[in-house]
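# Notes for the structure review
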Amino acid sequence: MFVKQLMAISGVFFVMFVIVHAYGNLKMFFGKEAYDHYAHWLKTDAFYPLLPEHGLIWVFRTGLILMAVIHIGAAFHTWFISRRARADRYNVKKSVADSYAARTMRVSAVLLLFLIVFHILHFTTATIPLGFASSEMSPYMRMVGAFSNPLVLLIYVVFVGTLAMHIGHGIWSALQTLGWLRRNTQAITITISGIVAGIVFVMFMLPPVSIALGIIS
């Protein structure tokens, strides 16, 4: 149970991070200067001089790595335990919905892992400069260059769709694990989980789609 709670808490942390990240990307609609200033502030000046230059971004990265290790480790542990318990009559009688959700979470988690690595190599390190010339371009122009490429847009539709699906199932599962889910609140919880997942999808995809349509250039 403790391991599942760790997975739920780390999952909630990631959901909060994703929402903040998606909100920051919406600054693309305010123009090049606003977005580049935001990107520079986030990486260099945030909470300075309380934190040293580049301090916040490294705190974020350290926290994300720690939460990722906890979340992935807990997920593997839970998967291993569930495989050992398959012979148990109670587990065999799990509902079809629960079984489907569990399988979906596992498949989406593996796909997300590959897509997150691609995202880091694409935008963070520019090791894969797909759609833009080099890492020397401003953050705004890198976004515009990347999502002007239909292949990049397609990759990120899959990425964000998978992320939204994982979040939708994850919120419901986390609330259940933390003991906040009751039979009389299950329907509304599922609805809220779907709404949050939908909001995340729309927030993340608004800038890329707007770039592809020429609204942002």
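Look a little higher up for the structure.
The text that follows walks through the structure, step by step, so that each part is easy to find. (Residues numbered from 1 in each chain as written. Predicted model: local features only at pLDDT ≥ 70, side-chain atom pairs only at ≥ 80, totals over all residues. Heavy atoms only, no water.)

## Quick word on helix H6 (residues 139-147)
What sets the pattern is the α-helix's 3.6 residues per turn: residues three or four places apart point alike. As a reminder of what qualifies: Burial classes: relative accessible area under 20% of the type maximum marks a residue as buried, over 50% as exposed, and values in between as partly exposed (1.4 Å probe, protein chains only). Counting from the N terminus, the helices are the DSSP runs of H or I reaching at least four residues and the strands are the DSSP runs of E reaching at least two.
For H6, a buried count of 7 out of 9 residues is recorded, marking the element as mostly surrounded by other parts of the structure. Buried residues of H6: Tyr140, Arg142, Met143, Val144, Gly145, Ala146 and Phe147, and no others.

## Notes on the nonpolar core
So the rule is basically this: To define a nonpolar core, start from buried Ala, Val, Leu, Ile, Met, Phe, Trp, Tyr and Cys residues and group those joined through side-chain atoms within 4.5 Å. Here a residue-residue contact requires only that any non-hydrogen atoms of the pair lie within 4.5 Å.
Met28 and Phe147 are the most contacted members of the largest nonpolar core, which has 30 residues in total. Those elements that provide at least two residues to this core are helix H1 (2-25), helix H5 (96-124), H6, helix H7 (150-177) and helix H8 (186-212). Considering each element in turn, this core owes the most residues, 8 residues, to H7. Setting aside residues no more than four positions away along its own chain, methionine 28 makes contact with Tyr35, Tyr140, Met143, Val144, Pro207, Ile211 and Ile216.

## Let's talk about the packing of H1 against H7
For the record, the criterion: In this description, a line fitted to the C-alpha atoms serves as the axis of each element, helices being fitted only across the stretch in contact, and the angle between N-to-C directions of two axes falls anywhere from 0 to 180 degrees. Angle categories: roughly parallel below 35 degrees, roughly antiparallel above 145, roughly perpendicular from 65 to 115, and oblique for all the rest. A clockwise turn of the near helix away from the far one marks a right-handed crossing, whereas an anticlockwise turn of less than a right angle marks a left-handed crossing. For this classification, the nonpolar set comprises Ala, Val, Leu, Ile, Met, Phe, Trp, Tyr, Cys and Pro, the charged set comprises Asp, Glu, Lys and Arg, and every other residue, Gly included, is treated as polar.
Taken N-terminus to C-terminus, the directions of H1 and H7 make an angle of 135°; their axes are 9 Å apart at the nearest point. In terms of their interaxial angle, H1 and H7 are classed as oblique. Helix-helix and strand crossings are classified by hand; for H1 and H7 the assignment is left-handed. Contact with H1, carried on its side by Lys4, Gln5, Ala8, Val12, Val15 and Val18, involves Leu163, Ile167, Ala174 and Thr177 of H7 and no other residues of that element. Residue composition of the contact of H1 with H7, grouped by class: 7 nonpolar, 2 polar and 1 charged.

## Details of the packing of helix H2 (residues 32-45) against H6
One way to put it is that H2 packs onto H6 with a least axis distance of 8 Å and a crossing angle of 115°. The orientation of H2 with respect to H6, classified from their angle, is roughly perpendicular. The residues of H6 that touch H2, namely those facing Lys32, Tyr35, Asp36 and Ala39, are Pro139, Tyr140, Met141 and Met143. When grouped by side-chain class, the residues that make up the contact of H2 with H6 number 6 nonpolar, no polar and 2 charged.

## A look at the packing of aromatic side chains
Each aromatic ring pair is described using two quantities: the centre-to-centre distance and the angle formed by the ring planes. Using the following cut-off: In summary, the pairing rule links any two rings of Phe, Tyr or Trp, Trp by its six-membered ring, whose centres are within 6.5 Å, and it sorts them by plane angle into stacked for under 30 degrees, edge-to-face for over 60 and tilted for everything else.
Using the criterion set out here, one finds 10 aromatic pairs in the structure. A ring pair is formed by phenylalanine 123 and tyrosine 156, whose centres lie 5.9 Å apart and whose planes are at 55°; its orientation type is tilted. Highlighted residues: phenylalanine 123 in helix H5 and tyrosine 156 in helix H7, separated in sequence by 33 residues. According to the relative accessible area criterion, phenylalanine 123 is buried, its value standing at 14%. Here a set of aromatic residues connected by ring pairs shows up, and it is made of Phe118, Phe123, Phe132, Phe147, Tyr156 and Phe159.

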